[in-house]
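Commentary on secondary and tertiary structure
Each chain, letter by letter, is given below.
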Amino acid sequence: MARKRIYDKDLTYDILRNWTDWGIRHSYRKVEVHGEENLPTDGALLLTPNHCNTLMDALVMLRAYNGSTVFGARADIFNNPFVAKIMYFLRILPMVRQRDGLRNVLKNKDTQEVIVETLENGVRFCMFPEGKHRTMHSLQVLGKGVFRAALAANEKFGSERPIYIVPVGIEYGDYFRYRSTSLVNYGNAINVTEFVKTHDVENDVQIIEPLRKELTSRMSELMTFISDDENYEAKWALLKMLSIAGSKKGYGDFGSSLYEDMLRNREIALDIEKALEEKPEKMAEILEEVKEFEAGRKKKGISIYAFKKRSNPVLSVIGKGIAALLGLPYFIFGAITSLPMWAAAEFIRGKVKDKAFRNTVSFGVKIALTVLLTPIYAVLAFCLAPWWLALALLVLWIPTYSYFYDYIEGCRRWFSNIRLLSNKKLWKKFKGIIKDYKKL
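About the criteria used
Residues numbered from 1 in each chain as written. Predicted model: local features only at pLDDT ≥ 70, side-chain atom pairs only at ≥ 80, totals over all residues. Heavy atoms only, no water. Helix = DSSP H or I, 4+ residues; strand = E, 2+ residues; numbered from the N terminus. Rg over C-alpha atoms; globule rule 2.2 N^0.38 Å. Buried < 20%, exposed > 50% of the residue type's maximum accessible area, 1.4 Å probe, protein only. Contact = heavy atoms within 4.5 Å. Areas by Shrake-Rupley, 256 points an atom, 1.4 Å probe, with all protein chains shown as cover. Lys, Arg positive; Asp, Glu negative; His and termini not counted. Charge placed at Lys NZ, Arg CZ, Asp CG, Glu CD. Salt bridge = Lys/Arg side-chain N within 4 Å of Asp/Glu carboxyl O. Core = buried A, V, L, I, M, F, W, Y, C linked by side-chain atoms within 4.5 Å. Pairing = 2+ DSSP bridges. Disulfide = S-S within 2.5 Å. Expected span 1.5 Å × (residues − 1). Phe/Tyr/Trp six-rings, centres within 6.5 Å; stacked < 30°, edge-to-face > 60°. Lys NZ or Arg CZ within 6 Å of the ring centre and 35° of its normal. Bend = angle between axes of the 7 residues up to and from the residue. Polar contact = N/O pair within 3.5 Å; in protein donor to acceptor, adjacent residues only side chain to side chain. Patch = residues over 30% accessible without salt bridge, like charges linked within 9 Å, V, L, I, M, F, W, Y side chains within 5 Å.

Let us look at the overall build of the chain. Summing up its helical and strand segments, the chain has 17 helices and eight strands in all. Against the compact-globule benchmark of 22 Å for 440 residues, the chain has a radius of gyration of 24 Å, which places it among compact chains. With the C-alpha coordinates of the chain rotated into their principal frame, the extents come out at 70 × 70 × 40 Å. When each of the 440 residues of the chain is scored for burial, the buried share is 47%. Within the chain, residue pairs in contact and separated by at least 24 positions form 76% of the contacts whose partners lie at least 6 positions apart. By element, 59% of the accessible surface of the chain is carried by carbon and sulfur atoms, the whole surface being about 23000 Å². Side chains of the chain carry 65 positive and 50 negative charges; the gap between the two charge centres is 9 Å.

Listed below in structure tokens is the structure:
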């Protein structure tokens, strides 16, 4: 029997894939894929997203494309033979990093051969060139693995069809809160085959650096990008404040799509960097004020979104209260029926030290326990109630896990608005920072 290749069609995988895609879609209030027209159709594709939210990055990339995709992941996950088999079934290959030691890095040669074979057979390969995740709106230094794989593929079959490196930007509404938003943004591909032809170099080593520079530039243009320095946190906080309040630049309200929101945030980020260059002393004062504001806001437990300008804040609070009251019966129903799910998720999340992994936990609990609980609830419902009522209860139950978290988030923002009504000092500080920035 011929060896089963990592990209071969597999019915079990396809079933799990569809279930996983459903779980990902419902792990976010809104998901969006932009720039699909940038994906070349005449060659092999190496996808290179930024890595900011652990396993969720790979899952949103998987859901963004209906066809087959093979992924790369850090090699230490594969140390256990049983886990390694599972990872191979899930179409994930081990990627050894320099920090894993020179002897282990040599193992990448075997992986590279599989990558080239995968690309040659028309299957996309996705790897995260940063090598490790980091919950920041910036980029780490890109590793060489993706370029070595692209150059190896180009050497083998580049004369037949081009090899492309496709930069991808992944953006989330919140890295840590379950049921936020996710955007996958494809950029203009780098034609590696043409890149090699137009660069006069003696070997592949010399072409990796210009390729890395080009890919870094293109990836940074596909996301809200904030330079990583000692002011990163303050700049990100100021950006959120300006996004909510608007400014002299006329940013306006958020658009109808996540992509438009990202473009708007990019514009604000660029203006902040420009202001830092032109008026560093004044901006240093503003950023210090932002730090104090953030510390006070968090101490009071007030969401940044509570500062969004409203024609009548009191009526807004009342409206949110009415909405919470109307949604309470379904929340109670959902809290009870989905108790095994959210209780398990919260327990495991509390044990996870890396906060970035917590959304992965919530997703994993959803797809695992939904499979387990659905038949149990179905049997109980149809045994204890008329078929029409049993069916209605099952339909009502399916969204309860998501609604549980949506309702809690809505209440959190409602309470934030209430707290802010009685905190004029914090309101004044917010408006003062915006005013000072407008004067620049």
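More follows now that the structure is in view.
The next thing to look at is the pattern of salt bridges. Counted by the stated rule, this structure contains 21 salt bridges. For glutamate 273, the salt bridge goes to lysine 235, with nearest N and O atoms at 2.7 Å. Placement of glutamate 273 in helix 10 (residues 258-278) and of lysine 235 in helix 9 (residues 232-245) is noted, with a sequence separation of 38 residues between them. The buried category is assigned to lysine 235, whose relative accessible area is 2%. Across the salt bridge formed by lysine 282 and glutamate 285, the nearest N and O atoms sit 3.8 Å from each other. Pair noted here: lysine 282 and glutamate 285 are both in helix 11 (residues 280-300), with a separation of three residues, about one helical turn. Classification of glutamate 285 as partly exposed rests on a relative accessible area of 48%. Each of Asp174, Arg177, Glu409, Arg412 and Arg413 takes part in one network of salt bridges that share partners.

This part covers the nonpolar core. Counting residues in hydrophobic clusters, the biggest one holds 34 residues, and the most contacted among them are Leu46, Leu119, Phe125, Phe147, Ile165 and Leu215. Where this core is concerned, the elements lending two or more residues are strand 2 (44-49), strand 4 (92-95), helix 5 (108-120), helix 6 (145-157), strand 6 (163-172), helix 7 (192-198) and helix 8 (204-220). Aside from chain neighbours lying at most four places away, what touches leucine 119 is Ala44, Leu45, Leu46, Phe125, Ala153, Phe157 and Arg161.

Moving on, we get to the pairing of strand 2. Of all six residues making up strand 2, six are buried, and the element is well covered by its neighbours. Burial along strand 2 is two-sided: the residues Ala44, Leu46 and Thr48 and Leu45, Leu47 and Pro49 are all buried. As judged from the six bridges shared by strand 2 and strand 6, these two strands associate in the parallel manner. Bridging from a neighbouring strand, leucine 46 pairs with isoleucine 165 of strand 6. Where strand 2 and strand 5 (residues 124-126) come together, two bridges link them in parallel fashion. Across the sheet, leucine 46 pairs through a bridge with phenylalanine 125, a residue of strand 5.

Glancing now at the state of the cysteines. Applying the stated rule across the entire model yields zero disulfides. Cysteine 52 forms no disulfide, and the closest cysteine sulfur to it belongs to cysteine 126, at a distance of 12 Å. Overall, the relative accessible area of 1% leaves cysteine 52 in the buried class.

A word on helix 10. Because each turn of an α-helix spans 3.6 residues, side chains separated by three or four positions end up pointing in the same direction. In this model helix 10 runs 30 Å from its N-terminal to its C-terminal C-alpha over 21 residues, within 8% of the 30 Å that 1.5 Å per residue would give. Turning to helix 10, its buried residues are Leu258, Asp261, Met262, Arg264, Asn265, Arg266, Ile268, Ala269, Asp271, Ile272, Ala275 and Leu276.

Our next topic: the packing of aromatic side chains. What characterises a pair of aromatic rings is the spacing of the ring centres plus the angle enclosed by the ring planes. Enumeration according to the criterion identifies 22 aromatic pairs in this entry. Geometrically, the ring pair formed by tyrosine 175 and phenylalanine 176 is edge-to-face, given 6.2 Å between the ring centres and 70 degrees between the ring planes. On the basis of relative accessibility, which here comes to 10%, the residue tyrosine 175 falls in the buried class. The class of phenylalanine 176 is partly exposed, set by a relative accessible area of 28%. Pairing phenylalanine 307 with tryptophan 427 gives two aromatic rings, centres 5.6 Å apart and planes at 65 degrees, and the pair type is edge-to-face. Of the two residues, phenylalanine 307 sits in the loop between helix 11 and helix 12 (313-337) while tryptophan 427 sits in helix 17 (residues 424-438), which places them 120 residues apart along the sequence. For phenylalanine 307, a relative accessible area of 1% puts it in the buried group. Feature note: the residues Tyr178, Tyr330, Phe331, Phe333, Trp342, Tyr401, Tyr403, Phe404, Tyr405 and Tyr407 constitute an aromatic cluster, connected by ring pairs. Here the basic side chain of arginine 124 rests over the ring of tyrosine 65, its NZ or CZ set 3.6 Å away from the ring centre.

With that out of the way, let us pick up the environment of leucine 90. Position of leucine 90 relative to the elements: it lies in the loop between helix 3 (81-89) and strand 4. Take leucine 90: its relative accessible area is 34%, and that puts it in the partly exposed class. Put simply, leucine 90 and tyrosine 65 are 25 residues apart on the chain and 16 Å apart in space, counted from C-alpha to C-alpha.

The next subject is helix 12. Across its 25 residues, helix 12 extends 35 Å between first and last C-alpha, which sits within 8% of the 36 Å expected from 1.5 Å per residue. The sharpest bend along helix 12 comes to roughly 45 degrees, located at leucine 328, with the proline proline 329 sitting one to four residues further on. Among the residues of helix 12, those classed as buried are Ser316, Val317, Gly321, Ala324, Gly327, Phe331, Gly334, Ala335 and Thr337. In the core, the buried residues of helix 12 are packed alongside helix 13 (339-351), helix 14 (358-384), helix 15 (387-397) and helix 16 (400-421). Two or three places before valine 314, at the opening of helix 12, asparagine 312 has a side-chain oxygen 3.2 Å from that residue's backbone nitrogen.

A few words now on a nonpolar patch on the surface. A contiguous nonpolar surface patch, about 810 Å² in accessible area, is contributed by Phe382, Trp387, Trp388, Leu389, Leu391, Leu393, Val395 and Leu396. Broken down by element, the nonpolar patch gets its largest block of residues, seven residues, from helix 15. Along the chain, leucine 396 falls in helix 15.

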